[in-house]
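A look at the structure
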Amino acid sequence: MTTNVIGKPLPRVDGRAKVTGAARYAADFNQGGQAYAVIVGATVGLGRVTDIETAPVEKMPGVVAVITHRNAPRLPYAPHRSYIDPATGERLHVLQDDQVRFYGQPVAIVVADTLDQAERAAAALRISYTAERPLVDPADPKARPVVPEAGKQPDARLPADTARGNADSALADAPVKVDEIYEIARENHNPMEPHATVAAWNGDRLTLWSKSQFVVNEQAEIAAVFGLPPENIQVICPFIGGAFGTSLRTWPHVTLAVMAARQLRRPVKLVLTRKQMFFMTGHRPRTLQRMALGATADGKLTSIVHEGTGETSRYEEFMEALTSVTSFLYSTPNVRTRYRLLPLDIGTPNHMRGPGEASGVFALECAVDELSYKLGIDPIDLRRRNEPAIDEGENKPFSSRSLMKCHDLAAERFGWSRRLPEPRSMRDGRLLVGMGVASASYPAFHAPANARARLLADGTAEVEVAASDMGPGTYTSMTQVAAETLGLPVERVRFSLGRSDYPPAPSHGGSWTMASVGSAIRAACIAVQEEAAKRPQDGRPIEATASAQRDPDVAARFSMHSFGAVFAEVAVDPDVGTIRLRRAAGAYGIGRVVNPRLARSQCIGGMIGGMGMALMERTVLDPRDGRPVNAHMADYLLPVNLDIPQLEAYFVEEIDPHVNALGVKGLGEIALVGMAPAIANAVFHATGKRVRSLPIRIEDVLTV
């Protein structure tokens, strides 16, 4: 029996819980006798703590503890490193010494009976420092690039250097070339729900209600930090109010909440402020890129050189896929990529939606657009002339590739044929109008995952996985997979996630949850059906657990990626320089679409993120101390309803039998990739001025 629910645009199964307040997020949980902790961050960007006047604060009403490096317990910090952590370096050890490594680093926590008392006491705590001037600007001549250690390894997933052919020689000989520098500002994740943890000990057992995109890793990380058996820790996170990657790692505030709860022998709640999220929970690193393209007069690429540099902290090397798309997006015999890091006195960056690809594709797709104008060839036609038959970087076929189908579909729906090629040739009254296009790509990742399915005597089913849901509709799409596999209506399937004692799953990031967890659920549902066929129907629940992973032989034979095409139209006021995105359309080849309604929502969200990247988002650090000067929602600009125009998302029909049993590729990340270059290219078409740094600001186009 099949219910054919995969592919249907069903509404969210958890929608009612979310709009009625029944859905509980980390800070919604409370425990009896709970105390409240507030972090005090360093007010210098580099140096040492020389004195902390704790006595006056300890006497303030309600204060039960002031914990600093002087009285904090020495923690084991045993080795633990998941794939989500930087491969090189060591995580921050909080309150274990007097060193300040970046502005805002936790140097104390104040715990009180109420949040108000804790906040007042934290504000009153006086701390003295010996301060040095930190290095926080990647463009500072004193910043010294390093080759990332993990990128030197022969089997590195993100190699520091790659080459085929002789790109530099071919570039020098190319009759037409583009060779420019592109820069992207530091961005900070700003989900609606701030980071929060409630820690409660029961003897030697610990329960954490904590915002996490990776509950089993948070369990393992805290176990390593405190020297505990992982089975003594339970992490609970049924809902996440947005994340974009910021909750993938376990940040120091979780350790501090656990530390305070153990020291006080009472539950402790710790919620970061919006400001603290600007320096305690990672960010998209600021990047500098050189992109050089060489081509023949008829538009055939002969060379690509991509040299990218990203900032990182001095204590960890954060790497991202800045140059990875360059080797396979277009056909050319000569490619050279180089990736370097700049260690600075900042907190470690982190994965942020479309990590690496979003930044790298911006440089590549803007350069391709520049080349199209030099050649006098339509940007889509130029891409078509360089469409590869195989992944030339890996020298193997794509499992599926629909890039040009995406361009054709989105171009037709967007009305690309109405575009006049010349810059500044399109107007709406006094406004300059421009149209831009860019390609997008993101890997079709897959990670091993596990799931448990249970058939109950009343004809319903339960499915459990230690996955997370930060908002894309995981509860709904997984329910659809289970319902279709079991042949049940979705109303008779209950899917649960967000507990570390459920079967382990990979992080909720990298656009691999549907492929990985969905495949595990399918396997568990098949297993429980097989188990049911063996057993007499005696009214007892029938349960089965199963795993799923990609066949390594298949993974070795194919190059697996999603592809997309994004089109944008902007209007620029030539007198005051304001840029308004008028409309945008994206088409995506993502394999099988489990729920078109959720998928479209994912795309719109990603496109809005790309809009913020192109026109608004930028965290500015004070060079004197590394303080984020716009660490609040008044000055850190994000698109809001009045900024967001008509956005359309389409999906090309694509069957990929190689990526996984469900044939899905993932969608969350690619929806952001490509949006920023499409907007930047539209700004050039409107104004004739090429802006190669993001975000594009009024002053960048005022002189047009």
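Right, let's walk through the structure included here. This is a predicted model, so every value here is computed, not measured.

A few words on the overall build of the protein. Looking only at helices and strands, the protein has 16 helices and 27 strands in total. Compactness check: the protein gives a C-alpha radius of gyration of 26 Å against a globular reference of 27 Å for 704 residues, within 12% of the reference. Taken along the three principal axes of its C-alpha coordinates, the protein extends 75 × 75 × 55 Å. Per-residue burial over the protein gives 63% buried out of 704 residues. For the protein, the computed accessible surface area is about 26100 Å², with 51% contributed by carbon and sulfur atoms. Here the protein contributes 78 positively and 78 negatively charged side chains, and the mean placements of these two sets differ by 2 Å.

Another aspect to go through is the sheet that holds strand 27 (residues 693–694). The six strands are arranged 8-17-15-14-9-27 in an open sheet whose pairing can be described as mixed. Each edge of the open sheet is held by one strand with a lone partner, namely strand 8 (161–164) and strand 27. Of the strand pairs in this sheet, strand 9 (residues 176–184) and strand 14 (residues 287–295) are connected by nine bridges, and their pairing is antiparallel. Residue pairing for strand 14: Tyr182 is matched across the bridge by Gln289.

Once that is clear, we can look at the nonpolar core. Counting 89 residues, the largest nonpolar core has Leu293, Leu371, Phe567, Val570, Ile679 and Ile696 as the members making the most contacts within it. Contact partners of Phe567, with chain neighbours within four places excluded, come to Ile380, His407, Ala410, Ala411, Phe414, Trp416, Gly436, Val437, Arg583, Ala584 and Ala585. Within the second largest apolar cluster, 52 residues are counted, among which are Leu75, Phe214, Val216 and Met277.

Enumeration according to the criterion identifies 18 aromatic pairs in this entry. A ring pair is formed by Tyr83 and Trp512, whose centres lie 5.4 Å apart and whose planes are at 80°; its orientation type is edge-to-face. A residue pair is termed long-range when its members are at least 10 positions apart, and Tyr83 in the loop between strand 3 (63–68) and strand 4 (88–89) and Trp512 in the loop between strand 22 (493–496) and helix 12 (513–534) qualify at 429 residues. The exposure class assigned to Tyr83 is partly exposed, which follows from its relative accessible area of 46%. Between Phe278 and Tyr636 the ring centres are 5.4 Å apart and the planes differ by 75°, which places this aromatic pair in the edge-to-face class.

This next bit is on helix 10 (residues 403–414). Each α-helix turn comprises 3.6 residues. Residues three or four places apart therefore point the same way. Taking 1.5 Å per residue, twelve residues should reach 16 Å; helix 10 reaches 16 Å between its end C-alpha atoms and fits that length. In this structure, the buried side of helix 10 is in contact with helix 9 (379–385), strand 19 (431–443), strand 24 (561–572), strand 25 (579–589) and strand 26 (646–651). A positive phi of about 85° marks Gly415, the residue just after helix 10.

In this section: the sheet that holds strand 25. Strand order in the open sheet formed by five strands is 18-19-24-25-26, and the pairing between neighbours is mixed. Each edge of the open sheet is held by one strand with a lone partner, namely strand 18 (426–428) and strand 26. Across the sheet, the mean angle from the axis of one strand to that of its neighbour is 25°, orientation sign disregarded. Along the sheet face, helix 10 touches strand 19, strand 24, strand 25 and strand 26 and points at about 30° away from the line of strand 24.

In this structure, Asn450 sits in strand 20 (residues 449–455). A polar atom in the side chain of Asn450 sits 3.0 Å from the backbone oxygen of Pro504. At a separation of 2.4 Å, a polar atom in the side chain of Asn450 contacts the side chain of Ser547. Residues contacting Asn450, with those up to four places away along its chain left out, are Val465, Pro503, Pro504, Ala520, Ala546 and Ser547.

The subject of this paragraph is the pattern of salt bridges. A full pass over the atoms with the stated rule returns 53 salt bridges. In this structure, Glu307 and Arg290 form a salt bridge, with 3.6 Å as the shortest nitrogen-oxygen distance. Taken together, the residues span a long stretch of sequence, with Glu307 in strand 15 (residues 301–313) and Arg290 in strand 14 at a distance of 17 residues.

Moving on, we come to unusual backbone geometry. Going from Leu694 to Pro695, the amide bond is cis rather than trans, its omega being 0°. Summarising the element assignment, Pro695 is placed in the loop between strand 27 and helix 16 (698–701). Look at Leu95: it is not a glycine, yet its phi comes out positive at around 55°. For Leu95, a relative accessible area of 4% translates into the label buried. Phi angles above zero are rare outside glycine, and Asn395 is one such case at about 55°. Along the chain, Asn395 turns up in the loop between helix 9 and helix 10.

A few words now on helix 8 (residues 357–375). For helix 8, built from 19 residues, the straight-helix expectation of 27 Å at 1.5 Å per residue is met to within 8% by its first-to-last C-alpha distance of 26 Å. With respect to burial, helix 8 is a largely interior element, 17 of its 19 residues being buried. Just beyond helix 8, the residue with positive phi is Gly376, at close to 70°.

Moving on to the environment of Asp635. In this structure, Asp635 sits in the loop between helix 14 (596–615) and strand 26. Put simply, Asp635 and Arg618 are 17 residues apart on the chain and 9.4 Å apart in space, counted from C-alpha to C-alpha. Engagement of the side chain of Asp635 in a polar contact is seen with the side chain of His632, the distance being 3.3 Å.

About the criteria used
Residues numbered from 1 in each chain as written. Predicted model: local features only at pLDDT ≥ 70, side-chain atom pairs only at ≥ 80, totals over all residues. Heavy atoms only, no water. Helix = DSSP H or I, 4+ residues; strand = E, 2+ residues; numbered from the N terminus. Rg over C-alpha atoms; globule rule 2.2 N^0.38 Å. Buried < 20%, exposed > 50% of the residue type's maximum accessible area, 1.4 Å probe, protein only. Areas by Shrake-Rupley, 256 points an atom, 1.4 Å probe, with all protein chains shown as cover. Lys, Arg positive; Asp, Glu negative; His and termini not counted. Charge placed at Lys NZ, Arg CZ, Asp CG, Glu CD. Pairing = 2+ DSSP bridges. Core = buried A, V, L, I, M, F, W, Y, C linked by side-chain atoms within 4.5 Å. Contact = heavy atoms within 4.5 Å. Phe/Tyr/Trp six-rings, centres within 6.5 Å; stacked < 30°, edge-to-face > 60°. Expected span 1.5 Å × (residues − 1). Axes fitted to C-alpha atoms, helices over the stretch in contact; angles between N-to-C directions. Polar contact = N/O pair within 3.5 Å; in protein donor to acceptor, adjacent residues only side chain to side chain. Salt bridge = Lys/Arg side-chain N within 4 Å of Asp/Glu carboxyl O.

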